[in-house]
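# Reading the structure
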Amino acid sequence: MSKRNEKYKMSTAARKENRYGLAFVTPPFIGFCLFMAFPIVFAFIASLTKWNGMNNMLDNFVGLRNYIKLFTDEKFWKVLLNTIIYMIGIPCGMILGVVIALGMNRKIRGIKVLRTMYYIPVISSLVAVSILWAWVFNYDYGLFNSIIKAVSGVHGPNWLGDEFWVKVSMIIFMTWKGLGTAIILYLSGLQSIPRDYYEAAKIDGASGWTLFKHITWPLVSPVTFYLLITGIIGGFQVFVEIVVMVPNGGLNYSAATVVFYLYEKAFTNNQMGYASAMAFVLAIIIFIVTAINFVGQNKWVKTID
Amino acid sequence: MANKKDIQSSGGRYKKERRMDAVVFVLLAIGAVAMVFPLIYMICASFMTRNQILSADFSLIPNPVKHGKYLEVLSKPEFIRGVRNTLLVEVPVLVVGAFTSSLAAFSFSKLRFKGKDAIFLGFLATMMIPFAVVMIPQYVLFTRLGLTNNLLPLILPGLFGNVSIIFFLRQNLTSVPYEFVEAAKIDGCGYFKMYYSIFLPLMKGALMTQVILWFMGIWNDYLAPTIFVSKDKWYTLQVVIRQFNATYAVNSDYPLIMAASVLSLIPTLLLFFFFQRYIIESLAISGVKG
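Residues numbered from 1 in each chain as written. Chains lettered and ligands numbered in written order. Predicted model: local features only at pLDDT ≥ 70, side-chain atom pairs only at ≥ 80, totals over all residues.

### Digging into the overall build of chain B
Assigned secondary structure in chain B consists of 15 helices and zero strands. A globule of 290 residues ought to have a C-alpha radius of gyration of about 19 Å, yet chain B, at 25 Å, is considerably larger. For chain B, with 290 residues in total, the buried portion stands at 39%. Partitioning the contacts of chain B with sequence separation of at least 6, the portion at a separation of at least 24 is 75%. (Helix = DSSP H or I, 4+ residues; strand = E, 2+ residues; numbered from the N terminus. Rg over C-alpha atoms; globule rule 2.2 N^0.38 Å. Buried ≥ 20, exposed ≤ 12 C-beta atoms within 10 Å, placed from the backbone. Contact = placed C-beta atoms within 7 Å.)

Here you go:
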């Protein structure tokens, strides 16, 4: 299609529509340029320099050195690993979510009240619930250790102060915070499965686990896929809960995430160039993982047709 | 679940189902209570004395009941200022942002113009870009423009619309037949009027829900305010709450911290209770359709 030809063919009415159509998307387009496109280009250039926010960026051009440094930065690998470990919360939320949604997919009175209760953590402010959970995990007086002591008589673990338990704590927290979303989505996925699928399978003698494995789970796979994608994109960006619960990044940096480290580099150490390189690597990782998931989805994501 | 006996006597099956329902309900209820238990504990703790919270014996019922911490929080100028600042961000962003977003959604869905698909794809791609990539340049931009002394860094980006809302509304409009546009054109209706008097009313419900979710998003936002706002007097509520936590934890004033957190949660919880049905519906749409 040649553009010039098309232009000639456009009638007055079509040209008017073209003009208005463009005009109506102009505000978000300006926003996109100012707050997305320009920052991305800027960040990329910054990532090639030893910029500290004050000095002249281009005078401190270092090429790919920030990226090379990043790959040998032990702290970076550590925070990347921490971030990935926290993602154990994603399958935990899925399993609990689908089990609870199965329970809720029955006609029982009062179930909606329960659904609301499960969803409350999702809409609660992350700062407020992080403050709350820091208290729940408190070694001396926290809710968990009080209960453990009351039940078993022994003192519970130092949740946020221990390199291992701090990860367990964060996974528990993240699962708690996101569970409501998984339940709601699985529930609506379950409700869209036609009843006759089950009837037909039951006639064939299938029951219980077989029904779940061959009908339910494959047919809610779009929900699983959505939760996986959003969970991974969000999971790579975990920051607030760490900053509130473990402000110093944990014992030997055992709780810090990529964005936590990046924030520290950019705004505490003024290594803006280095932080920009880290942000770019993060974006690339997210892009690759998401792309792999999208390519791989044909293998396991089914749709009802 | 369905063995031969059940199929033979439907009466027995019914009874068994009922019993199963009861068991499931009890299990789900236990889980639900466990989910909200930390929040219940937070509310209880906000009424306790410091000594009771810090005592070795675990207790849930405040004894004695103190509500003074709520008055103390509400009389703190930082807290009131935090609420005010958050609202100062909310109002312009939601009013203008709802307009720009819905207008763009209408255009993307129903009008024909050059570069439409390319622009839309560009918008979609930004949903995958982590905020960490753009936050440093945005910070520099706002600093250079001298905007970090006020709330503009939090307001400006929202005025241009919100990509996920545009996306959602566009999806919402696909069910509206194109004939609406053609009929309006024949009647000589201008494009803005078409948006304003035909399509805006059509997407009113969906837009309302999205605006409520956006309100909650701004209300709960912490990262952008901490980076972009440098003056204490412009701190938004979440930043203030976080500061309370840091300041009052030193002398273990946990009842005060808990009271402040409870207060900060009330608006979003109320909104959720009132608009639950719509919020859950819109969430389900974005999740199931992908």
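So that's the structure; there's more coming.
### Quick word on the domain arrangement of chain B
Residues and elements named next belong to chain B. Looking at chain B, the domain boundaries give domain 1 (4-46) and domain 2 (72-288). On the side of domain 2, six residues touch domain 1, which itself brings four residues to the contact. For the side of domain 1 that touches domain 2, the per-class residue count stands at three nonpolar, one polar and no charged. (Domains from an automatic or database assignment. Nonpolar A, V, L, I, M, F, W, Y, C, P; charged D, E, K, R; others polar.)

### Concerning helix α7 (residues 131-144) of chain B
All names here are of chain B. Counted at 1.5 Å a residue, the expected span for α7 with its 14 residues is 20 Å, and the 20 Å between its end C-alpha atoms agrees. Taken together, the buried positions of α7 are occupied by Ala-132, Val-133, Val-134, Met-135, Ile-136, Pro-137, Gln-138, Tyr-139 and Phe-142. Where α7 ends, the next residue or the one after it, Gly-146, has phi of about 70°, a positive value. (Expected span 1.5 Å × (residues − 1).)

### Notes on the environment of Trp-77 of chain A
Residues and elements named next belong to chain A. Looking at the element boundaries, Trp-77 is found in helix α4 (residues 74-86). We classify Trp-77 as exposed; it has 12 C-beta atoms within 10 Å. Residues Trp-77 and Val-258, spaced 181 residues apart in sequence, show a C-alpha to C-alpha distance of 8.9 Å.

### Observations regarding the nonpolar core
All names here are of chain A. Counting 153 residues, the largest nonpolar core has Leu-262, Met-278 and Ala-279 as its most contacted members. Counting residues per element, this core draws most heavily on helix α9 (residues 165-191), which supplies twelve residues. Ignoring any residue separated from it by four or fewer positions in sequence, one finds Met-278 in contact with Leu-70, Phe-76, Val-258, Leu-262 and Lys-265. (Core = buried A, V, L, I, M, F, W, Y, C linked by C-beta atoms within 7 Å.)

### Some details on the domain arrangement of chain A
All names here are of chain A. Parsing chain A into structural domains produces domain 1 (3-67) and domain 2 (71-300). Taken together, the contact pairs eleven residues of domain 1 with ten residues of domain 2. Elements supplying a minimum of two residues to the side of domain 1 that touches domain 2: α2 (12-46) and α3 (65-71). With three residues, the single largest contributor to the side of domain 1 that touches domain 2 is α2. Classifying every residue of the side of domain 1 that touches domain 2 gives five nonpolar, five polar and one charged.

### Comments concerning the packing of α2 of chain A against helix α5 (residues 77-110) of chain B
Between α2 of chain A and α5 of chain B, the shortest axis-to-axis distance is 8 Å and the interhelical angle comes to 140°. Considered as vectors, α2 of chain A and α5 of chain B are oriented oblique to each other. Remark: the crossing between α2 of chain A and α5 of chain B carries left-handed chirality. Residues Gly-21, Phe-24, Val-25, Pro-27 and Pro-28 of chain A of α2 of chain A touch α5 of chain B, and the partners they reach there are Thr-100, Leu-103, Ala-104, Phe-106, Ser-107 and Phe-108 of chain B. (Axes fitted to C-alpha atoms, helices over the stretch in contact; angles between N-to-C directions. Parallel < 35°, antiparallel > 145°, perpendicular 65-115°, else oblique. Left-handed = near helix turned anticlockwise from the far one by under 90°.)

### Observations concerning the confidence of the model for chain A
Of the residues in chain A, 96% have a pLDDT of 70 or more, and the chain-wide mean is 91. Averaged pLDDT values over the elements of chain A bottom out at 54 in helix α1 (residues 3-9) of chain A and peak at 97 in α4 of chain A. (pLDDT = per-residue confidence, 0-100.)

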